[in-house]
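Commentary on secondary and tertiary structure
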Amino acid sequence: MSQEDKKFETIAVRAQTERSHNREHSVPIYATSSFTFEDADHASALFSDEVEGNIYSRYSNPNNDEFIDKLVQLEGAEAGIATSSGMSAMFLSIASFVKSGDHVVASRSLFGSTHQILTQLLPRWGVSHTYVDFDDLEGFDKAVQPNTKMIFIETPSNPAIDLIDIEALAKIANKHNVILNVDNCFATPYIQNPIALGAHIVTHSATKFIDGQGRVLAGAILGTKEHMNEVKFLSRHTGPALSPFHGWILSKSLETLAVRMDKHCDNALKVAKALEGFPQVQMVKYPFLKSHPQYDLAKKQMRLGGAIVSFEIKGGVEAGKKFWDSLNMISRSSNLGDTRTIATHPASTTHSKLSEEERLSVGITPGLIRISVGLEHLDDIIGDIKQALEA
Ligand SMILES: *Cc1c(COP(=O)(O)O)cnc(C)c1O
């Protein structure tokens, strides 16, 4: 069944691996490492890519294919690949396109491990990078060198919730004939579609909102067939394959992505508005708050504001730690994208190894708290924040 004319929710629910002779309604888990061949000619056709089909689960598996086929359609891509974690997706999506002597331009505010890949690992293989501030489009343009192969960004950024104009950056990437790769983890395909805005590759940590229930690690890379052939080559022969069980879970998760994100975003906007009214709070950052410096851009490239709210508590690091310690229900964790509301204090945890100056350069002020707003009742979420602020 062609899904091309179907709406987001319908694709997420209905795109499905072909039924077996058992006529099952829900797709079974294909817990198999390998697949059999009809005969020698069939095997040779499979190995030479003359026919499509499964050979070995490091290459493809019906559960992972179902998951990735849904994401391909939801992101408006041509092809994609599922991976064992968000980080294997980030790594493959960059490493597939660079060789020794090449260069990558990236936005300065990146997920911690992506930062380590660019600053510690890729230089081992002779790949250099330049960081640019999120709001410096001219800086991105100028940072591109003759050996630049890719511009890599995250928007909204973590944890400062700054945005990058994807459409404008895609024009810059096209002018220089380099790949624009967008980590779309914070927004999910329900809220933002970078490919429709001109990006060439979209990457995901499916561990976050795509699973949305804190159960599995997974990642995804999406783009043109040509680009994904490069990624598949590296992936097939280095092996960061997703478990079929996790592929099955994630395909089920996508069935509820739209309803979950609607509720996450509704709760998050209300939490952000409530935070603006508390005297202990100095500043609140949420894309769909009118006070966000890039509110117009948020409205242009995002369908909803997302589930992540950041705010600055008066009193710096100590006040931030005190608030964090005083939470009763909201989880203290560095993760995000769960049904459970999670609060993080980056200055004393995820970013504590950076200097104060480095922290400030990526928008991490001493009293910054990041909240991944969950699906509990709004009154209980705001109630816990209120009592912790007053503590
Ligand atoms: C979590 C995260 C990653 C890494 O994903 P894992 O699934 O933990 O490997 C990459 N980018 C962003 C923006 C993330 O939030």
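Under an unreviewed UniProt entry, the protein has the name O-succinylhomoserine sulfhydrylase and belongs to Flammeovirga pectinis. Note on the protein: under the UniProt heading Sequence similarities (unreviewed entry), the record states "Belongs to the trans-sulfuration enzymes family. MetZ subfamily." UniProt lists a comment for the protein under the heading Pathway (unreviewed entry), and it reads "Amino-acid biosynthesis; L-methionine biosynthesis via de novo pathway; L-homocysteine from O-succinyl-L-homoserine: step 1/1."

We now examine unusual backbone geometry. The omega torsion across Thr-155 and Pro-156 is -5 degrees, close enough to zero to call that bond cis. Assignment of secondary structure puts Pro-156 in the loop between β4 (148-154) and α7 (166-176). Omega for the bond connecting Asn-158 with Pro-159 falls within 30 degrees of zero, at -5 degrees, which places this linkage in the cis form. Checked against the element boundaries, Pro-159 lands in the loop between β4 and α7. A positive phi is found at Asp-49, a non-glycine position, where the angle reads about 65 degrees. Along the chain, the position of Asp-49 falls in the loop between α2 (40-47) and α3 (62-75). Positive phi values are uncommon outside glycine, yet Ile-161 reaches one of about 55 degrees. Relative to the elements of secondary structure, Ile-161 occurs in the loop between β4 and α7. For Ile-161, a relative accessible area of 1% gives the class buried.

A few words on helix α11 (residues 257-276). Quick reminder: α-helices carry 3.6 residues per turn. Residues three or four places apart thus point the same way. Spanning 20 residues, α11 covers 28 Å between terminal C-alpha atoms, matching the ideal 28 Å at 1.5 Å per step. Every buried residue of α11 is listed here: Leu-257, Ala-258, Arg-260, Met-261, His-264, Cys-265, Asn-267, Ala-268, Val-271, Ala-272 and Leu-275. Buried residues in α11 make contact with α1 (8-14), α8 (188-191), α10 (244-255), β8 (281-285), β9 (308-313) and α15 (378-390).

What follows covers the pattern of salt bridges. Counted by the stated rule, this structure contains 14 salt bridges. Notably, a salt bridge pairs Lys-300 with Glu-167, separated by 3.6 Å at the nearest N-O pair. Residue Lys-300 is found in helix α12 (residues 295-301), and its partner Glu-167 is found in helix α7; the two are separated by 133 residues along the sequence. Classification of Lys-300 by relative accessible area gives partly exposed; the value is 47%.

So, on to the UniProt feature "modified residue: N6-(pyridoxal phosphate)lysine" (unreviewed entry) in the protein. Using the residue numbers shown here, the UniProt feature "modified residue: N6-(pyridoxal phosphate)lysine" (unreviewed entry) corresponds to Lys-208. Along the chain, Lys-208 falls in the loop between β6 (201-205) and β7 (219-223). Look at Lys-208 and you get buried, because its relative accessible area is 9%.

This paragraph deals with the domain arrangement of the protein. Often, the extent of an interface is quoted as the loss of accessible area on bringing the components together. If you check the domain split of the protein, you get domain 1 (3-30 + 61-254) and domain 2 (257-390). The gap between the C-alpha centroids of domain 1 and domain 2 is 24 Å. In this complex, domain 1 contributes 36 residues to the contact, which on the side of domain 2 involves 37 residues. Across the interface of domain 1 and domain 2, roughly 3100 Å² is buried in total on both sides, 59% from carbon and sulfur atoms. Ranking the residues of domain 1 by area buried against domain 2 places Tyr-190, Ile-191 and Phe-209 at the top, with a combined share of 25%. Summed over the shared surface of domain 1 and domain 2, the result is three salt bridges. Between Asp-162 and Lys-285 there is a salt bridge, with its nearest N and O atoms 2.8 Å apart. For the interface between domain 1 and domain 2, the tally reads 20 residue pairs in polar contact (both at pLDDT 80 or more). Of all the secondary structure elements, the ones that give two or more residues to the side of domain 1 that touches domain 2 are α1, α7, α8 and α10. Top element by residues in the side of domain 1 that touches domain 2 is α8. It accounts for four residues. A breakdown of the residues in the side of domain 1 that touches domain 2 according to their chemical character gives 18 nonpolar, ten polar and eight charged.

What follows is about empty space enclosed by the protein. Overall, the coordinates contain one cavity of 30 Å³ or more when judged by the stated rule. Each pocket or cavity is described by its volume, and for the largest cavity that value is around 40 Å³. Forming the walls of the largest cavity are Pro-156, Ile-161, Phe-186, Pro-287, Met-302, Gly-305, Gly-306, Ala-307 and Ile-308. Looking at side-chain class alone, the lining of the largest cavity contains seven nonpolar, two polar and no charged residues. Each of domain 1 (3-30 + 61-254) and domain 2 (257-390) gives at least three residues to the lining of the largest cavity.

Here the focus is the side chain of Asn-181. Relative to the elements of secondary structure, Asn-181 occurs in strand β5 (residues 179-183). In this structure the side chain of Asn-181 is engaged in a polar contact, spanning 3.3 Å, whose partner is the side chain of Thr-203. For Asn-181, the residues in contact, after removing those within four places along its chain, are Ser-93, Ile-94, Met-150, Ile-151, Phe-152, Ile-153, Ile-201 and Thr-203.

With that settled, the discussion passes to the site of the ligand. Near the ligand there are 13 residues, and of these Met-87, Asp-183, Ser-205, Thr-207 and Lys-208 occur at the shortest range. A distance of 2.8 Å separates an oxygen atom of the ligand from a polar atom in the side chain of Ser-205. At 2.5 Å from an oxygen atom of the ligand is found a side-chain nitrogen or oxygen belonging to Thr-207. Protein burial of the ligand: of its 380 Å² of free accessible surface, 92% is covered by the chains. Cavity membership is defined here by more than half of the atoms lying within 2 Å of grid points; on that basis the ligand lies in the second largest pocket. The dominant element in the shell around the ligand, judged by the number of residues it contributes, is helix α4 (residues 86-95), at three residues. Of the residues assigned to the shell around the ligand, the class counts are six nonpolar, four polar and three charged.

Cut-offs used in this document
Residues numbered from 1 in each chain as written. Predicted model: local features only at pLDDT ≥ 70, side-chain atom pairs only at ≥ 80, totals over all residues. Heavy atoms only, no water. UniProt positions renumbered as here; feature names shortened; annotations may be inferred. Helix = DSSP H or I, 4+ residues; strand = E, 2+ residues; numbered from the N terminus. Buried < 20%, exposed > 50% of the residue type's maximum accessible area, 1.4 Å probe, protein only. Expected span 1.5 Å × (residues − 1). Contact = heavy atoms within 4.5 Å. Salt bridge = Lys/Arg side-chain N within 4 Å of Asp/Glu carboxyl O. Domains from an automatic or database assignment. Buried area = accessible area lost by both parts, 1.4 Å probe. Polar contact = N/O pair within 3.5 Å; in protein donor to acceptor, adjacent residues only side chain to side chain. Nonpolar A, V, L, I, M, F, W, Y, C, P; charged D, E, K, R; others polar. 1 Å grid on protein atoms, 1.4 Å probe; cavity = no way out; pocket = protein on both sides within 12 Å on 5 of 7 lines; lining within 4 Å. Points joined across faces, edges and corners; volume = space filled by probe spheres on them. Near = heavy atom within 4 Å. Areas by Shrake-Rupley, 256 points an atom, 1.4 Å probe, with all protein chains shown as cover. Sits in = over half its atoms within 2 Å of the grid points.

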